[in-house]
Amino acid sequence: MNLHLLRIREMVKKELRQLFRDVRTRGLIFVSPIIQLVLFGYAVNTDIRNTTMVVVDHDQTAEARALVDAFTASGYFRVVERSVRPAALVAALDRGDAEVGLEIPVHFARDLAADGPAHVQLIVDGTNSNTGTVALGYATRIMQRYAAEHTPGRTAAGVDLRVRAWYNPNLESRVYNVPGVIGVLVLLMCLLLTALAVVRERELGTLDQLMVSPLTPAELMLGKTLPVAMIGLIDMATITVVAILWFHIPFRGSVLVLLPAALMYIVAGLSVGLFISTISKTQQEAFMTMFLFLLPSIILSGFFYPIRSMPAFFRTITIANPVRHFLEVVRAVFLKGAGFEALWHQFVLLAVLASLMLGVAIWRFPKTIGR
Amino acid sequence: MSPHRLLAVARKETIQLRRDPRSLILAFLLPIALILFFGYAISFDVKNISLGVLDRSNTNESRRLIEAFTSSGYFTVTERLARYDDADAALADGRAQLILIIPPDFQKNLDAGRPAPVQALLDGGDANTATIAQNYADAIVAGYSADVVLAGRRVAPPLVADARVWYNEALESRNMIVPGLIAVIMSIIAAMLTALTIAREWERGTMEQLAATPVHRLEVVLGKLVPYVGIGLFDVTLAVVAGIVIFQVPFRGNVILLAVMTFLFLVGALGLGMFISAAVKSQVLATQAAMVATYLPALLLSGFIFSIATMPLPLRLITYIVPARYYVTVTKGVFLKGVGFNVLWPDAVAMIVFATMGLTLAIRAFHKEIA
């Protein structure tokens, strides 16, 4: 296998021209990163802010109003409905207008002032188990603080837990999600552009033209993949810049750590793309195969479903998923400023997986183009 | 419009579908496979949070506090630290997600009735898990604190919140995921199924034949729809049964209501697919467009996992034109809340609008093609 740099360069030029001539591909390369960033930066949000709340206040005293104010002042809750009828609470939760219901009974203020404990009823919509869990936690904390402020001396001193979150002090989910988009997007580009590009040539019959050209299979492979790798790197750089400047995601690590991981990851993605192109006869098939590969690799990557919560069987599978390791590297580099010594584990696995996939692609590819 | 001709088209479409094994697999196996895969793999229930402990008090009380963490079932002690400086590395490497630091004077403070501060360092990198871990830690410490304090002297707490979770009492993420998943998967599958149907006729050249028959375009569109509505209803039935039997999700609502709503939703989603198919004329393009139009919006903008109320206003407005949004409300409402038509009628209206729009667009796009 000998490589001619000149021939590869010509092939890359041809590929780039072909890629950018197609309106759809152009859209894919330039528009889909923006759409994904907006969606994952703004829509994928697990922060609890402005959780909707319905208040049924039977007491109508200053103390009761102060309790409701404590909820709204925290910024986590927003009162959407006030009523004196318990049925309003049920209706609001049933309709989904409110996620949390607070019912303050008569004599609330009186009980609070006297010795007896004052009871309030707190109802949380559990349909969304994520927000439900967190809202319940916040509500409990708000009421504890309220009790401590309004009944000084009566709340006994106990253990005082002081929590500090590192790397992301406000626990914003965006800080976690946006760097992850890099991994998903680069994979999407690598798969879609390589898999479809080769199959399209076959469908159009231009693959035969390439075969009669003096290009060797290795040159053909490089010619097909290099432009996509370039696009992948450009996309990655764009997202990184937007993440830092627009979404203010901290970038604490070094590009020199990120880059080698990205290169290995891109090699893995391109290899899978080439492999798909060798087992698909039509673009239709290639697209479906790609979808069937992409879906599990993203779900099992920890992109937004936590790996720790998966059953052992699926947790084991994720070890063979390059997306998982790359995402761990990206997030650690962005948020923790991690270096090789903390990430060598991921690097080794990425290297192993990338070489395996490249091996399969190199083995299959020349056969399918007929050499 | 003649029901006879309509049924003839439906029969033709069914025969054609039966001969296409790939479409059949897509129609019958993929939905249930995805439900099983997602249902088993995804969970947001945070368990086994890795806990690092720096116990500088090393007394009975401090050991009891640590035990309170481990016996809760949410935390597993993975690291015992000797020095404060080790905390940094343990968090950075991901060996611990939460580090509990108990100061030397912990027991002395408790004995003296003074507040005893305890520090918790949290890996905020994964904001979602971190928030939940923080809530658990708070609850555990509060419980422990109450035990210790109450053991010393009897003081009734001034404020008691009777917190209750409705609809999903144990806050299990599976109960949230499975009903929403049915909606998300069906919106993707439905659009993909019909995306091919008109484009296929066009690519195979059978479109002229169809145009030459005395069949009205309304009959063609509705006739083509019939077998797919049947498949869709079958898929949903299978998914609902799997949800109830395999995943033990409570089903509290009315089956007939769900069936009617599903029918409305399917007509809209299938109509959308048919419109795409008629508009782009190529099978490859049609599948891709169907995927783009349904996949990410259904996943991220439907309220399936990410709550719509917390999104910024422009995205919130966009969710109104995502049909999956209404169907997610319906499946969750019928499964978990057991609500009836009196609550779900706005969603029914929205889905009727979508169905009418989908069909009208499909019929109009189809018309242009024949002419």
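Note that this is a predicted model, so its numbers are computed, not measured.

**Student:** Tell me about the interface of chain A and chain B, and please be specific about residues and values.
**Tutor:** One widely used convention gives an interface's size as the accessible area the parts lose upon coming together. Contact residues are listed per partner, giving 82 residues for chain A and 83 residues for chain B. At the level of secondary structure, the elements contributing two or more residues to the side of chain A that touches chain B comprise helix 2 (23–43), helix 4 (86–95), strand 4 (118–125), helix 6 (129–150), strand 5 (159–166), helix 7 (173–204), helix 11 (283–299) and helix 13 (322–336) of chain A. Here the element with the most residues in the side of chain A that touches chain B is helix 6 of chain A; it accounts for 13 residues. Residues that form the side of chain A that touches chain B fall into these classes: 41 nonpolar, 26 polar and 15 charged.

**Student:** Which residues make up the pairing of strand 3 (residues 98–102) of chain B, and what are the values?
**Tutor:** Burial within strand 3 of chain B is extensive, with five of its five residues counted as buried. Here strand 3 of chain B shows no split at all, with Leu98(B), Leu100(B) and Ile102(B) on one side and Ile99(B) and Ile101(B) on the other all buried.

**Student:** Give a detailed account of unusual backbone geometry, specifying residues and quantitative values.
**Tutor:** Residue and element names in this part refer to chain B. The backbone of Leu-171 sits at a positive phi, close to 50 degrees, despite the residue not being glycine. On the secondary structure map, Leu-171 appears in the loop between strand 5 (159–166) and helix 7 (173–204). For Leu-171, a count of 21 C-beta atoms within 10 Å translates into the label buried. Positioned with a positive phi, Gln-248 is a non-glycine residue whose angle comes to about 60 degrees. Along the chain, Gln-248 falls in the loop between helix 9 (217–245) and helix 10 (255–280).

**Student:** Could you give an account of helix 9 of chain B, naming the residues involved and the relevant values?
**Tutor:** In this model helix 9 of chain B runs 42 Å from its N-terminal to its C-terminal C-alpha over 29 residues, within 8% of the 42 Å that 1.5 Å per residue would give. Maximal helix bending in helix 9 of chain B amounts to about 30 degrees, located at Val226(B); proline Pro227(B) follows within four positions.

Conventions we followed
- Residues numbered from 1 in each chain as written.
- Chains lettered and ligands numbered in written order.
- Predicted model: local features only at pLDDT ≥ 70, side-chain atom pairs only at ≥ 80, totals over all residues.
- Contact = placed C-beta atoms within 7 Å.
- Helix = DSSP H or I, 4+ residues; strand = E, 2+ residues; numbered from the N terminus.
- Nonpolar A, V, L, I, M, F, W, Y, C, P; charged D, E, K, R; others polar.
- Buried ≥ 20, exposed ≤ 12 C-beta atoms within 10 Å, placed from the backbone.
- Expected span 1.5 Å × (residues − 1).
- Bend = angle between axes of the 7 residues up to and from the residue.

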